[in-house]
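Working through the structure, step by step
The primary structure of each chain is shown beneath.
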Amino acid sequence: MDLVAQVPDSVPVLIAGGGPVGLATAVELAHHGVRSLVVEPRESVSWLRPRAKTTSARSMELLRRWGLAETVRARAPLAVSWSDEAVFVTSLLGREITRIGGCFGLDLVGSDLAAEPGQQVPQPLVEEVLREAAADALRTGWEVAGLREDPDGVSVRIVSAGGEEREVRAQYVVGCDGPRSVTRAAIGARYEGRQDARPNFNIVFRAPGLAERMPHGPAVHYWVLNPAQPGLVGRLDLKETWWCIAQGVRAEDADPVRLVRNLAGADIEVEILATDPWTARMLLADRYSSERVFLAGDAAHQNPPYGGHGFNTGIGDAVNIGWKLAAVLHGWAPATLLASYETERRPIAADTIEAAAANMATLAPELADPALMGDEAAFERVRPAVAEAVLRTKDSEFHSLDLVLGYTYAGSPIVAPDAGERLPHRWPAPGESLYDRLGPDFSLLGDLSLPGAGVLVEQARELGVPLRTVDLPGEPLTLVRPDQHVAWRGDDPSGALRQALGHDR
Ligand SMILES: Cc1cc2nc3c(=O)[nH]c(=O)nc-3n(C[C@H](O)[C@H](O)[C@H](O)COP(=O)(O)OP(=O)(O)OC[C@H]3O[C@@H](n4cnc5c(N)ncnc54)[C@H](O)[C@@H]3O)c2cc1C
């Protein structure tokens, strides 16, 4: 295959990195009719490094907006109805201490709170769906080697696995190239923060017959509170494949088969498929952009996995920068709009890092108690106190809808003083989300006979902004951004759309 011929000389937006965030950025741009090029070295997704397991209710809403939520759900090995519980046990085959239900918004099926519940699904599967959706933009086997920015655009040097070099000219670049981001270095931004002292060891394994022997029933997480081998285990599918995190285990000391058997509490049959040592990091880039280069996802922030936020925060970044770049490239917003990307997204990453770090303060090793492993009487004596500690310290990890659905851009210079939150959700008709009625760009909701409606429609016409109107008789007027956040609500919309587009800044 002629690899050189696959790469265009110029493109409106070049995306460095085709992990979930880079792919989501390409899908968002395509949603607004903007062409992009995703430069990604990996030819295929990494099935043996499943990483994120939770796609949040908010990410599922965004996938629904792209028409992909159903595909992800249909392919997910664990149906959303399978379980929304985390179970705390002495071992996989041992005693149950307590359980927490309604985890990760998996119980929001049909709820007014959200257009979609969360979904347990391995990250590579989501990446596969996004790869298919972004197929026109994706070029694998290439990586970004460097970039040079000037007032009119960015020249990006890319190199193929075979050593061929090309230069691609882009109007904008989005750096979604992960923790060791070349893009971040190129714009002189730096991670700030800290890393946890404790080593962790991930294992993907096959354990035929384990599920059938377990007394605890379906659960998305099994937390093993055995002081001799604390950890966290879950199923990757309903066949024989599992993942686990052994906490406090150094790679050089790890005996993966022994670890799995200790977590199981018996010498079960086990085949190790992959191992992955890692350290939790709490890192935030000191800035998110230059004039024409923007950082998104892990290139901009990293947080511990507890609470399942990392990849989901990145999907939020992708949508925020994607619609803004599209608005500027289509000519209906000034380039000043783009400065609001960092203003809006960086504080959310900072909050997420703090929440995930707080979740990490109490893990299985802290909750484990030697008495749990004693005889029945000893176990029963200590169980209430351990269960109480679990519920007190872990509730916010499993129930964080304030962060997942409740994050707001209030205070952003491009939203009106009383606006910025995600449009409150509801079901106007069975199976039809209010969000399904929104346009891909801006939307005006409310009683369209109110005088302000005509004013906003006229503003949109003058500025050339695509505006979908949704008549909701008797309801106040609400201007909704392409990302489903409220830009303005009220009676007097003069200046509302100009503000939402970053004019006059
Ligand atoms: C062990 C582990 C468990 C995790 N668990 C969770 C979880 O439960 N929930 C959660 O939400 N998150 C979790 N995460 C985090 C989640 O995996 C990341 O937040 C997510 O992958 C970030 O996506 P991204 O696209 O920003 O970066 P990445 O997934 O790192 O993708 C970056 C991409 O850029 C490519 N790339 C690198 N260099 C270049 C270059 N020079 N040019 C072009 N491309 C380049 C890479 O090949 C890669 O495909 C976990 C992570 C780990 C390591």
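Just so you know, these numbers come straight off a predicted model, no measurement behind them.

1. Section: the overall build of the chain
Of regular secondary structure, the chain possesses 14 helices and 21 strands. Across its three principal axes, the chain shows a C-alpha extent of roughly 75 × 60 × 35 Å. Buried positions account for 57% of the 505 residues belonging to the chain. Residue pairs at least 24 apart in sequence account for 74% of intrachain contacts in the chain once pairs closer than 6 positions are excluded. For the chain, the exposed area adds up to about 19,400 Å²; of that, 50% sits on carbon and sulfur atoms. Looking at charge distribution, the chain has the averaged site of its 49 positive side-chain charges lying 3 Å from that of its 68 negative ones.

2. Some details on the site of the ligand
By nearness alone, 30 residues border the ligand, and E40, R42, Q123, D298 and F311 come closest of all. One of the side-chain N or O atoms of E40 is found 2.6 Å from an oxygen atom in the ligand. For the ligand, whose free accessible area comes to 990 Å², the fraction covered by protein is 88%. Taken together, the elements giving at least two residues each to the shell around the ligand come down to α1 (20-31), β2 (36-40), β8 (142-150) and α8 (310-329). Taken together, the residues of the shell around the ligand break down into 12 nonpolar, 11 polar and 7 charged.

3. Comments concerning the nonpolar core
Of all hydrophobic cores here, the largest spans 133 residues; its most connected members are L14, W66, F88, L225, L325 and F442. At 10 residues, α8 tops the list of elements feeding residues into this core. When residues of this core are assigned to domains, at least three fall in each of domain 1 (4-77 + 121-193 + 282-359) and domain 2 (408-505). By size, the runner-up hydrophobic cluster in this structure holds 24 residues, among which are F201, F205, L210 and A246.

4. A short note on the environment of L23
Positionally, L23 belongs in helix α1. In this structure L23 comes out as buried when scored by relative accessible area, which is 0%. The sequence separation of L23 and S10 amounts to 13 residues, and the corresponding C-alpha distance is 19 Å. With sequence-adjacent residues up to four places away left out, L23 is seen in contact with G17, G18, E127, L130, R131, A134 and L138.

5. Examining the sheet that holds strand β19 (residues 467-471)
As summarised here, the arrangement of the 4 strands in space is β19-β18-β20-β21, forming an open sheet in which the pairing is mixed. Of all the strands in the sheet, just β19 and β21 (486-490) have a single pairing partner and so form its edges. Taking the axes of each pair of neighbouring strands and ignoring which way they run, one obtains an average angle of 15° across the sheet. In the packing of helix α13 (residues 451-463) onto the sheet, contacts are made with β18 (442-446), β19, β20 (477-480) and β21, and the angle to β19 comes to roughly 165°.

6. Topic: the pattern of salt bridges
A full pass over the atoms with the stated rule returns 36 salt bridges. Here K394 makes a salt bridge to E397, at a shortest N to O gap of 2.7 Å. With K394 and E397 both in helix α11 (residues 376-398) and 3 residues apart, this pair spans about one turn of that helix. The class of K394 is buried, set by a relative accessible area of 0%. Among the salt bridges present, the one from E421 reaches R489, with a minimum N-O distance of 2.6 Å. Remark: R489 occurs in strand β21 and E421 occurs in the loop between α12 (401-404) and β18; sequence separation between them is 68 residues. Classification of E421 as partly exposed rests on a relative accessible area of 23%. Through salt bridges that share partners, R64, R73, E116 and D436 make up one connected network.

7. Some points on the domain arrangement of the chain
For the chain, the assigned domains are domain 1 (4-77 + 121-193 + 282-359) and domain 2 (408-505). Relative placement of domain 1 and domain 2: their C-alpha centres are 26 Å apart. The partner domain 2 presents 29 residues to the 22 residues of domain 1 that form the contact. In total, domain 1 and domain 2 occlude about 1,900 Å² of area from one another, counting both sides; carbon and sulfur atoms represent 53% of this.

8. Some details on the side chain of S111
Locating S111 in the fold gives a position in the loop between β5 (96-100) and β6 (119-120). In this structure the side chain of S111 is engaged in a polar contact, spanning 2.9 Å, whose partner is the backbone nitrogen of L113. When residues no more than four places from it in sequence are discounted, the contact partners of S111 are H425 and W427.

The rules behind the values
- Residues numbered from 1 in each chain as written.
- Predicted model: local features only at pLDDT ≥ 70, side-chain atom pairs only at ≥ 80, totals over all residues.
- Heavy atoms only, no water.
- Helix = DSSP H or I, 4+ residues; strand = E, 2+ residues; numbered from the N terminus.
- Buried < 20%, exposed > 50% of the residue type's maximum accessible area, 1.4 Å probe, protein only.
- Contact = heavy atoms within 4.5 Å.
- Areas by Shrake-Rupley, 256 points an atom, 1.4 Å probe, with all protein chains shown as cover.
- Lys, Arg positive; Asp, Glu negative; His and termini not counted.
- Charge placed at Lys NZ, Arg CZ, Asp CG, Glu CD.
- Near = heavy atom within 4 Å.
- Polar contact = N/O pair within 3.5 Å; in protein donor to acceptor, adjacent residues only side chain to side chain.
- Nonpolar A, V, L, I, M, F, W, Y, C, P; charged D, E, K, R; others polar.
- Core = buried A, V, L, I, M, F, W, Y, C linked by side-chain atoms within 4.5 Å.
- Domains from an automatic or database assignment.
- Pairing = 2+ DSSP bridges.
- Axes fitted to C-alpha atoms, helices over the stretch in contact; angles between N-to-C directions.
- Salt bridge = Lys/Arg side-chain N within 4 Å of Asp/Glu carboxyl O.
- Buried area = accessible area lost by both parts, 1.4 Å probe.

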